[in-house]
Amino acid sequence: NAGVTQTPKFRILKIGQSMTLQCTQDMNHNYMYWYRQDPGMGLKLIYYSVGAGITDKGEVPNGYNVSRSTTEDFPLRLELAAPSQTSVYFCASSYTNRGDQPQHFGDGTRLSIL
Amino acid sequence: AQSVAQPEDQVNVAEGNPLTVKCTYSVSGNPYLFWYVQYPNRGLQFLLKYITGDNLVKGSYGFEAEFNKSQTSFHLKKPSALVSDSALYFCAVRDTLGAGSYQLTFGKGTKLSVIP
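Residues numbered from 1 in each chain as written. Chains lettered and ligands numbered in written order. Predicted model: local features only at pLDDT ≥ 70, side-chain atom pairs only at ≥ 80, totals over all residues. Heavy atoms only, no water.

Student: Before we go on, may I ask you to explain the nonpolar core in this structure?
Tutor: One recurring pattern in soluble globular proteins: nonpolar side chains tend to sit buried together. Counting 27 residues, the largest nonpolar core has W35(B), L47(B), L48(B), F74(B), L76(B) and Y89(B) as the members making the most contacts within it. Only β2 (10-14), β3 (19-21), β5 (31-38), β6 (44-50), β8 (64-68), β9 (73-78), β10 (87-95) and β12 (110-115) of chain B provide two or more residues apiece to this core. If you tally residues by element for this core, the top one is β10(B), at four residues. Membership of the second largest hydrophobic core comes to 19 residues, among which are M19(A), M32(A), A81(A) and L111(A). (Core = buried A, V, L, I, M, F, W, Y, C linked by side-chain atoms within 4.5 Å. Buried < 20%, exposed > 50% of the residue type's maximum accessible area, 1.4 Å probe, protein only. Helix = DSSP H or I, 4+ residues; strand = E, 2+ residues; numbered from the N terminus.)

Structure representation (structure tokens):
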């Protein structure tokens, strides 16, 4: 059972470049999330989706975009990379919108902007 | 607004000793509380949750947590620490009242080191 899969695992970008972080899950979860993790700061929600075709902003959405064309995939796009976007990015999913359900996380994408 | 605090950046404990990782929270309604563990270069793994009912919650790998409403705390505990428990631990909260019910708020994490 693969769970939540993120690609790539590591990436170095130059300032101003763009890239897409891929996330796919095979658990048929409706709800998907993107977080960033900075040292000593916990996780911050960037965007989330409650189903195919529906996305919404989280706490720190600036500089990012998402799409959700299928239940399985939830890519995160950086259009103009900036040093402040150097971080570890985690994708997560959950089956329902009930608040008591835990989220399942991928292993992350480590992104450096130089 | 919901918030969670983990007052200790690092906890050191000797192997075989009991361990406690502290968490306090603030919500408007009733809380849903979670503990996650993160091993190096991995994503977060769910350990346990408190939703309602018994204040002592048991989870994976022998961990348990005690919900204390009066102290707004949800401390993670284990009776006997293992070296393999060394990892980063995150407490998270979701408020049952108000908007943003999809959103978990995470603490900053506590690094647990179990010394052989």
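That covers the picture; the talk isn't over yet.
Student: What exactly am I supposed to notice about the pairing of β8(B) here?
Tutor: Two faces make up the sheet, and in a regular strand the side chains alternate between them. All names here are of chain B. Relative to β8, strand β7 (residues 56-58) is paired through three bridges, and the arrangement is antiparallel. Residue pairing in the sheet places V57 in a bridge with A65 of β8. Taking the residues between adjacent antiparallel strands as the criterion, β7 and β8 are bridged by five residues, where Y61 takes a positive phi near 60°. Across five bridges, the pairing between β8 and β9 is antiparallel. The residue of β9 that forms the bridge with F67 is F74. (Pairing = 2+ DSSP bridges.)

Student: Where do I start with the side chain of R110(A) in this structure?
Tutor: Along the chain, the position of R110(A) falls in strand β11 (residues 109-113). One buried charged side chain, R110(A), makes no salt bridge at all; its nearest oppositely charged neighbour is D107(A), positioned 7.3 Å away. From its side chain, R110(A) meets the backbone oxygen of D107(A) in a polar contact 3.2 Å long. With sequence-adjacent residues up to four places away left out, R110(A) is seen in contact with K9(A), F10(A), R11(A), S87(A), V88(A), N41(B) and R42(B). (Lys, Arg positive; Asp, Glu negative; His and termini not counted. Salt bridge = Lys/Arg side-chain N within 4 Å of Asp/Glu carboxyl O. Polar contact = N/O pair within 3.5 Å; in protein donor to acceptor, adjacent residues only side chain to side chain. Contact = heavy atoms within 4.5 Å.)

Student: Is there a simple way to explain the sheet that holds strand β8 (residues 76-78) of chain A in this structure?
Tutor: Residue and element names in this part refer to chain A. Ordered by their spatial adjacency, four strands build an open sheet running β1-β3-β8-β7, and the pairing between neighbours is antiparallel. Whereas interior strands pair on both sides, the edge strands pair on one side only; in this sheet they are β1 (4-7) and β7 (64-66). Direction aside, the axes of adjacent strands within the sheet are offset by 20° on average. (Axes fitted to C-alpha atoms, helices over the stretch in contact; angles between N-to-C directions.)

Student: Any chance you could explain the interface of chain B and chain A here in plain terms?
Tutor: The figure often quoted for interface size is the accessible area lost as the parts come together. Contact with chain B, which involves 20 residues of that partner, is made by 25 residues of chain A. Taken over both partners, the interface formed by chain B and chain A buries close to 1900 Å², and the fraction arising from carbon and sulfur atoms is 55%. In this structure, the connection of chain B to chain A is made through one salt bridge. Measuring nitrogen to oxygen at the nearest pair gives 3.0 Å for the salt bridge that ties D107(A) to R42(B). At the surface where chain B touches chain A, the tally comes to four residue pairs in polar contact (both at pLDDT 80 or more). At the level of elements, β5, β6 and β10 of chain B are the ones that each hand at least two residues to the side of chain B that touches chain A. Residue contributions to the side of chain B that touches chain A peak at four residues, all from β5(B). (Buried area = accessible area lost by both parts, 1.4 Å probe.)

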